[in-house]
Amino acid sequence: MLEFDVHFRRPGFCVDIGGAFPGPITGIFGPSGAGKTTLLRLLAGLERGAGRIVLGDTVLADSASGACIPAHKRRIGVVFQENRLFPHLNVAQNLTYGAKPAGGVPGLYGAVVRGLRLDGLLRHRPHMLSGGEARCVALGRALLTLPRLLLLDEPFTGLDGDRKRGATELVRSFAETYGTRVFLVSHCMESILALTDRLLVIQGGQAVGCDAYTRLLDNPAALPVLMSAGMVNMMRMAVQWSDEARAVTYCRPLSDDGGQGAPAAAERAQLFKTPFIPRPNGTQINAVLSPRDILLTSHPMPDLDRGAEAPRQNQVPGRVVRVIESVDRVLCVIDAGMRLIAEASRNTLPPGLHEGRVVWCLFRTESLRVA
Amino acid sequence: MAQEHFGLTSPEISALWLSVKVGLWCVGILLVPGVACGWLLARKQFPGKSVLEAMVYLPMVLPPVVTGCLLLFLLGRNGVFGKMLFELFGWQFAFTWMGAVLASIVMAFPLMVRSVKVAVEMVDGNMEEASRTLGAGPLRCFLTVTLPLSAPGILAGAALAFARSLGEFGATITFAGNIRGETQTLPLAVFSQLQVPGSENAVLRLAALSIAVSLGAIALSRILESRLKRRNQNAQESDDA
């Protein structure tokens with residue numbers, strides 16, 4: 001459990017954020033200048049602020065008692081926005097800089113190097129690396145310290161698809177295997193949702209919401225922040241079976257809070273078609289769907305329910321929970337077993353759309369991107 | 001007539017050797033306090049910092065003879081501390097080659113500190129922060145990050161201090177005297193030869209020697225400075241990427 005209540009003042013800028021975070025991974029989301037990086041610096045012990053920070057049973061800082069564990073003794077790993085690789089050391093030396101010389105986990109170094117695809121780069125100096133490669137070295141270096149808390153500031157920027165997946169898996173495995181708690185700052189909602197749906201939303205140095213992503217849609221303070229960044233739907237699903245010939249994978253949706261089938265969708269044994277995912281059956285995945293890719297209709301499209309012969313489209317019924325109108329667009333929050341957000345212009349909406357009405361959400365297989 | 005080797009007379013070789021010896025001792029002794037003081041001024045804020053800075057740089061603006069006089073008052077045989085050091089340990093600095101080293105140290109210290117301060121300031125503080133988050137305490141952070149990254153600047157400072165020691169005249173002649181074979185360094189030898197009518201050739205030889213050794217030290221300093229710049233550019237590129 002990480003618990004903190006921190007206060008930091010600087011002319012024209014302040015951060016007052018608190019909360020308890022029992023989950024292993026928390027995403028931090030907010031506009032530029034909201035105080036996300038400052039929060040990470042306060043937690044890491046790189047800035048002194050007022051308040052209290054407790055990690056597990058260790059009080060890292062408490063301004064009331066004057067306690068403050070220095071940064072190098074906190075066992076908090078940080079991946080900074082800039083890579084901050086040591087230019088006088090090669091990749092291997094950078095990676096092992098903070099690693100435990102003895103008593104470390106056997107094979108961990110090799111696993112990190114392979115997971116981040118750094119095998120051929122170990123003798124390279126940082127200036128010889130691409131942006132994505134340097135990012136991976138920064139992440140690997142922090143992971144190899146086996147931190148109790150890992151603070152990631154835009155860790156996946158500049159990473160290509162394979163490296164991004166590898167890095168995401170590695171962070172997830174550290175959280176699961178070694179109990180590392182992770183705080184992830186990113187402007188890219190997809191990157192956050194690939195690891196967690198638990199979000200701390202920050203604006204103007206204040207926490208305006210701290211909850212599961214889909215539940216934050218009901219939070220009037222957090223919703224504008226999420227909307228301003230361009231919203232996405234995150235769908236947690238489990239791979240059921242794949243049809244490699246048709247390049248389609250059928251996935252079962254999971255509920256927001258624990259992997260059981262989402263009530264409405266599960267009852268109807270609703271399966272979603274995604275582009276082919278080369279993963280074993282039962283693997284849990286996060287799929288991302290843009291609100292603009294959902295078409296709302298008043299009635300189901302009959303041609304879409306022909307099993308394996310059906311077109312490459314999905315449809316799911318749901319009930320309108322909220323209608324949020326802006327100047328030229330309308331945002332609909334729909335309860336379809338999972339919360340879905342659909343965005344449309346006024347003239348493409350079904351007539352008489354109101355809260356409580358049943359609608360059908362239609363989206364293409366290719367619109368579902370596996371994060 | 002003194003015996004000649006490589007076109008140099010024995011007193012000239014002795015002066016050259018003594019100059020190099022004094023320069024090396026000066027740099028060797030200066031290195032640790034120079035680096036410590038430069039790092040302190042570059043990285044720390046504390047009360048009295050500007051006073052310390054003024055004291056460190058004072059010998060740069062003070063007439064060297066005055067510095068020599070102060071050394072004499074403090075560390076001369078009858079000086080405030082000199083008398084005590086002689087009685088306790090039998091140490092005597094005034095009018096010995098170690099006195100020449102001491103005079104060089106005092107005169108070269110500001111140059112060394114200034115170089116180190118600039119070099120440490122050029123080290124990206126973010127690297128030190130990263131080192132701390134990787135579990136390095138202040139000493140390990142200094143030894144593994146700050147020191148290697150500022151090393152070319154520190155070495156350039158050492159080269160400058162060496163060159164300053166070679167050229168040191170006023171404080172040395174005041175504090176250590178001009179004793180042939182004991183405290184007579186190259187500048188003092190030039191000065192002595194100038195007093196002898198018809199010794200223009202010897203003066204020119206000594207001047208050429210001084211120029212050659214000084215140029216060597218400055219060339220070394222420039223090479224190391226350019227290495228520092230290149231390395232910092234590489235670091236910048238890797239962070240921009």
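Residues numbered from 1 in each chain as written. Chains lettered and ligands numbered in written order. Predicted model: local features only at pLDDT ≥ 70, side-chain atom pairs only at ≥ 80, totals over all residues. Heavy atoms only, no water.

Some thoughts on the interface of chain A and chain B
- Facing 25 residues of chain A, the contacting portion of chain B comprises 24 residues.
- Of the roughly 2100 Å² buried between chain A and chain B on both sides combined, carbon and sulfur atoms contribute 61%.
- Among the residues of chain A in contact with chain B, H72, H88 and Y97 of chain A are the three that bury the most area, contributing 31% of the side total.
- Taken together, the connections running from chain A to chain B amount to 2 salt bridges.
- E129 of chain B serves as the salt-bridge partner of R41 of chain A, at 2.5 Å between the closest nitrogen and oxygen.
- On the surface where chain A and chain B come into contact, there are 7 residue pairs in polar contact (both at pLDDT 80 or more).
- Of all the secondary structure elements, the ones that give two or more residues to the side of chain A that touches chain B are β7 (76-79) and α4 (131-143) of chain A.
- By residue class, the composition of the side of chain A that touches chain B is 12 nonpolar, 9 polar and 4 charged. (Contact = heavy atoms within 4.5 Å. Buried area = accessible area lost by both parts, 1.4 Å probe. Salt bridge = Lys/Arg side-chain N within 4 Å of Asp/Glu carboxyl O. Polar contact = N/O pair within 3.5 Å; in protein donor to acceptor, adjacent residues only side chain to side chain. Helix = DSSP H or I, 4+ residues; strand = E, 2+ residues; numbered from the N terminus. Nonpolar A, V, L, I, M, F, W, Y, C, P; charged D, E, K, R; others polar.)

Some remarks on the pairing of strand β20 (residues 358-364) of chain A
Residue and element names in this part refer to chain A.
- In this sheet, β20 lies alongside strand β16 (residues 295-297) in antiparallel orientation, the contact comprising 3 bridges. For T297, the partnering residue across the bridge sits in β20 and is W360.
- In this sheet, β20 lies alongside strand β17 (residues 313-325) in antiparallel orientation, the contact comprising 7 bridges. In the sheet register, Q315 faces β20, and the bridge partner there is L362. (Pairing = 2+ DSSP bridges.)

Comments concerning the packing of aromatic side chains
- Summed over the entire model, instances satisfying the criterion amount to 11 aromatic pairs over all chains.
- When the centroid spacing of 6.1 Å and the interplanar angle of 65 degrees are considered together, the rings of F4 of chain A and F183 of chain A count as edge-to-face. One end of the pair, F4 of chain A, is in strand β1 (residues 2-10); the other, F183 of chain A, is in strand β9 (residues 181-185), and 179 residues separate them in sequence.
- A residue is classified by how much of its surface remains accessible, and F4 of chain A, at 4% relative accessible area, is buried.
- Here F183 of chain A falls in the buried class, since its relative accessible area comes to 2%.
- Each residue in the set F4, F21 and F183 of chain A is aromatic and connected to the rest through ring pairs, giving one cluster.
- Taking NZ or CZ as reference, R140 of chain B lies 4.3 Å from the ring centre of Y97 of chain A, over its face. (Phe/Tyr/Trp six-rings, centres within 6.5 Å; stacked < 30°, edge-to-face > 60°. Buried < 20%, exposed > 50% of the residue type's maximum accessible area, 1.4 Å probe, protein only. Lys NZ or Arg CZ within 6 Å of the ring centre and 35° of its normal.)

Thoughts on the domain arrangement of chain A
All names here are of chain A.
- Along its sequence, chain A is organised into domain 1 (2-228) and domain 2 (233-365).
- Each of domain 1 and domain 2 has a C-alpha centre, and the two are 32 Å apart.
- Here domain 1 meets domain 2 over a buried area of about 1300 Å², counting both sides, of which 59% is carbon and sulfur.
- Broken down residue by residue, the surface that domain 1 buries against domain 2 is led by L193, T214 and L217, which jointly contribute 35%. (Domains from an automatic or database assignment.)

A short note on the nonpolar core
All names here are of chain A.
- In terms of nonpolar packing, the biggest core is built from 55 residues, with Y213 and L226 touching the most fellow members.
- Among residues more than four places away in sequence, those in contact with L226 are F29, M189, L199, V201, Y213, L216, L217 and M231.
- In terms of nonpolar packing, the next biggest core, distinct from the first, is built from 40 residues, V6, L39, F86 and V185 among them. (Core = buried A, V, L, I, M, F, W, Y, C linked by side-chain atoms within 4.5 Å.)

Looking at the sheet that holds strand β21 (residues 369-370) of chain A
Residues and elements named next belong to chain A.
- Taken together, the 5 strands give an open sheet; going across it, the order is β14-β13-β12-β15-β21, and neighbouring strands pair in antiparallel fashion. Of all strands in the sheet, those with a lone pairing partner are β14 (272-275) and β21, marking the two edges.
- Where strand β13 (residues 248-253) lies against β14, 4 bridges are found, and the strand directions are antiparallel. Bridge pairing in β14 links Y250 to K273.

Re helix α9 (residues 186-194) of chain B
- Burial of α9 of chain B is extensive: 7 of the 9 residues sit out of reach of the surface.
- The set of residues buried in α9 of chain B consists of L186, P187, L188, A189, V190, S192 and Q193 of chain B.

Observations regarding the confidence of the model for chain B
All names here are of chain B.
- Summary statistics for chain B give a mean pLDDT of 87 and a share of 92% for residues scoring 70 or more.
- Per-element confidence in chain B is highest for helix α6 (residues 125-133), whose mean pLDDT is 94, and lowest for strand β1 (residues 4-5), whose mean pLDDT is 63.
- Scoring the predicted complex yields pTM 0.80 and, for the interface, ipTM 0.79. (pLDDT = per-residue confidence, 0-100.)

Remarks on the pattern of salt bridges
All names here are of chain A.
- One pass over the full model with this rule turns up 19 salt bridges over all chains.
- Between D162 and R165 there is a salt bridge whose closest N-O contact spans 3.3 Å. One end of the pair, D162, and the other, R165, are both in helix α5 (residues 161-177), 3 residues apart, so they sit about a helical turn from each other.
- Overall, the relative accessible area of 44% leaves D162 in the partly exposed class.
- Judged by its relative accessible area of 42%, R165 falls in the partly exposed class.

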